[in-house]
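What the coordinates show
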Amino acid sequence: MEILGIDIGGSGIKGAPVDLNTGELTAERHRIPTPHPATPEAVAEVVGAVAAHFSWSGPIGCGVPAAVQHGIARTAANIDKAWIGADVARLFTAASGCPTTVLNDADAAGLAEMNFGAGRGRDGVVIVITVGTGLGTAIFTDGVLVPNTELGHIEIDGRAAERRASDAARRRKDLSWKKWAKRFERYLQTLERLFWPDLVIIGGGASKKSDKFLPRIDIGAEVVPAQLLNQAGIVGAALAARPRASAPGPIATEATAPASQPADVPPQSAAPAPPPAAGTPPPAID
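Heads up: these notes are all about the structure in this document. On a predicted model such as this, the values are computed, not experimentally measured, just so you know. (Residues numbered from 1 in each chain as written. Predicted model: local features only at pLDDT ≥ 70, side-chain atom pairs only at ≥ 80, totals over all residues. Heavy atoms only, no water.)

**Some points on the sheet that holds strand β2 (residues 12-19)**
Taken together, 5 strands build an open sheet; the order of strands is β3-β2-β1-β4-β7 and the sheet is mixed. With partners counted over all chains shown, the strands left at the sheet margins are β3 (30-33) and β7 (100-104), one partner each. Along the sheet, successive strands turn relative to each other by an average axial angle of 20°, direction set aside. Where helix α2 (residues 88-96) meets the sheet, its contacts fall on β1 (2-8), β4 (60-64) and β7, and the angle it forms with β7 comes to roughly 140°. (Pairing = 2+ DSSP bridges. Helix = DSSP H or I, 4+ residues; strand = E, 2+ residues; numbered from the N terminus. Axes fitted to C-alpha atoms, helices over the stretch in contact; angles between N-to-C directions. Contact = heavy atoms within 4.5 Å.)

**Examining the environment of Asp264**
Within the element layout of this structure, Asp264 appears in the segment after α7 (232-240). Overall, Asp264 belongs to the buried group, its relative accessible area being 15%. (Buried < 20%, exposed > 50% of the residue type's maximum accessible area, 1.4 Å probe, protein only.)

**Some remarks on the packing of aromatic side chains**
Scanning the entire structure with this criterion turns up 7 aromatic pairs. Considering the side-chain rings of Trp180 and Phe184, the 5.0 Å spacing of their centres and the 10° angle between planes classify their relative orientation as stacked. In this pair, Trp180 and Phe184 both sit in helix α6 (residues 177-195), 4 residues apart, roughly one turn of the helix. Ring centres of Trp180 and Phe213 lie 5.0 Å apart, and the angle between their planes is 90°; on these two criteria the pair is classed as edge-to-face. Note that Trp180 is positioned in helix α6 and Phe213 in the loop between β13 (199-203) and β14 (222-225), a separation of 33 residues in sequence. For Trp180, a relative accessible area of 0% corresponds to the buried category. Among the aromatic residues, ring-to-ring pairing joins Trp177, Trp180, Phe184, Tyr187 and Phe213 into one connected group. (Phe/Tyr/Trp six-rings, centres within 6.5 Å; stacked < 30°, edge-to-face > 60°.)

**Things to note about the sheet that holds β14**
The 5 strands lie next to each other as β10-β9-β8-β13-β14, forming an open sheet whose pairing is mixed. The outermost strands of the open sheet, each flanked by one partner alone, are β10 (144-146) and β14. In this sheet, adjacent strand axes meet at a mean angle of 25° when their direction is disregarded. Judged from the 3 bridges that link them, strand β9 (residues 135-141) and β10 form a sheet pairing that is antiparallel. Each residue of the ladder has a partner; that of Thr141, found in β10, is Val144. Lying over the sheet, helix α3 (residues 105-116) contacts β8 (125-131), β9, β10 and β13, oriented at roughly 50° with respect to β9. In the packing of α6 onto the sheet, contacts are made with β8, β9 and β13, and the angle to β8 comes to roughly 150°.

Set out below in structure tokens:
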């Protein structure tokens, strides 16, 4: 099965069809610069253009730099603040003409690494960190994703962690890899005290230079570089859309994958039962 995966970033929007059995792109990746301002409507037009480029008519998965709850963006990072509260899943569906699943971009990268990369077959607690403009995080327990963790925003020494330990912070402060590694190690130590991971996977742009800083990192958990690199966001977005491949209905950010897959996003909770009609006596208690 193939699904179109789209990775929406601050500078570029990239997409390609993905073979869900292998995690490989089945066509050359297509990239369009992110519009400015990057409003939901403007980005939706680009999503439609990416789908049109591939003459796509099936399901689409999109990773966005925001916390996403049931298709609605709750935060906005490196995109326009108009995203907050926007039903981006429905906007993307309308623009592309295809059922579209939307999730956080770090969660998408995590799904890719857990299914086809450094986390494949790993149980226990795994944290995937995308190190770039910010610090994106995805947490898995026995292969199941806990969505929208946003742990790049935890405070360390009174400041958001990504203000001190992201790759953008390294470049902004012109830090050597050795000095930056100390900051990043402090961040990892904080996460370890909070979550006690068995494995930490380092992705994002900085993962290409992992040999310059990972040997300097000393924490209890195993720390390894990501394997899918720039393709992770596309592959993970496609994976998130797989349960919607043949099922019509409303678009959601959460889905259930086949049991054979090693990593999954959590299913949506069932809708609560309607309240009893007025005047209906309460049920008897034995």
